Amino acid sequence: MAMKVVIRQFRPSDLDSVQCLFMIGQLEQIHPSFIRAMTSPLYVTITLTLSIAGYLLGSIFGAVLLPAAWVSLIYYSCHTIFNSYVRMTLQADMGDISGFYLSRPDHCFWVAEAEVNGRAQVVGIVAVVARENGGEKYGKLSRLVVSPQCRRLGLGCQLIQTVVDFSKDRGFSKVELVTTSIQEEAVALYKKLGFKLVLTHVPPEITFYYRLLARIRCMTMEKRL
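A short tour of the structure in this document, coming up. Predicted, not measured: the structure shown is a model, and the values here were computed from it.

Basis of the calculations
- Going along each chain's sequence as written, the residues are numbered from 1 onward.
- Selection of residues for local features in this predicted model requires a pLDDT of at least 70, selection of side-chain atom pairs for listing and counting requires 80 or more, and totals for whole chains, interfaces and linings are taken over all residues.
- Computation of side-chain values: all heavy atoms of the structure, hydrogens and water removed.
- Salt-bridge detection follows one rule: a side-chain nitrogen of Lys or Arg within 4 Å of a carboxyl oxygen of Asp or Glu.
- Secondary structure follows DSSP: runs of H or I at least 4 residues long count as helices, runs of E at least 2 residues long count as strands, and numbering of each begins at the N terminus.
- Think of it in three bands: residues with accessible area under 20% of the maximum for their type are buried, residues over 50% are exposed, and the middle band is partly exposed, with areas taken using a 1.4 Å probe on protein chains only.

1. As for the pattern of salt bridges
Part 1 of the argument: With the rule as written, the count across this model stands at 12 salt bridges.
Part 2 of the argument: Between E184 and R36 there is a salt bridge, with its nearest N and O atoms 2.8 Å apart. One end of the pair, E184, is in helix 7 (residues 184-192); the other, R36, is in helix 2 (residues 30-38), with 148 residues separating them in the sequence.
Part 3 of the argument: You can call E184 exposed: its relative accessible area is 53%.
Part 4 of the argument: Ionic pairing is found between R224 and E222, a salt bridge with its closest N-O pair at 3.6 Å.
Part 5 of the argument: Overall, the relative accessible area of 16% leaves E222 in the buried class.
Part 6 of the argument: By sharing partners, the salt bridges in this structure join E136, K174, E176, E222 and R224 into a single network.

2. With respect to unusual backbone geometry
Part 1 of the argument: Even without a glycine there, the phi angle at R143 is positive, about 60°.
Part 2 of the argument: Looking at where R143 falls in the secondary structure, it is placed in strand 4 (residues 136-146).
Part 3 of the argument: Judged by its relative accessible area of 16%, R143 falls in the buried class.
Part 4 of the argument: In this structure, R152 takes a positive phi of about 60° despite not being glycine.
Part 5 of the argument: Secondary-structure assignment places R152 in the loop between strand 4 and helix 6 (155-169).

Remember that the coordinates give geometry; whether it matters functionally is a separate question.
Below you can see the structure in the form of structure tokens.
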């Protein structure tokens, strides 16, 4: 699909479209995170064990109910993690994009705009925030989302490169980002563009109980400039 895309700085009139796209990008991770957790050897074993235990207790109903309750708990954990993250983020920087990103010279927020079905739409977003650690100034890439109908067209690469170019212009030493282990295509894209994995960790802002059940890991990657 040929599509002319313009990447430009965020405007206040984009807010609703940007927030909607951000929510889509986050909430679509619920299902793959659930599938990834439930197909792990440990969780397959737990599910089978609960089913056998229910059957040995003398109830076919128990053989179904116990694993069903376990599966429901895992899905609820995955759902809660991403919904909580969306809610928290919309109350923070994504609730006031102009104030947070555009009022500081070393922060920025971009949208990718394209004509879809005869009208201009926001089909991608990305942001960068200036950070400093031990005298080293770098850019942190975040909020990268590409609309589902515009994926595999190179738009993700263009948005990432926009952040890289901005960071070079600002004299940053590197670009850093945090993604999750379930975003395999995104991780592959980052590696293709020269990002390297530097740290794997659990998301600290999520309740331990939920992150333990969902088995979600965060991956910090960076690209030296």
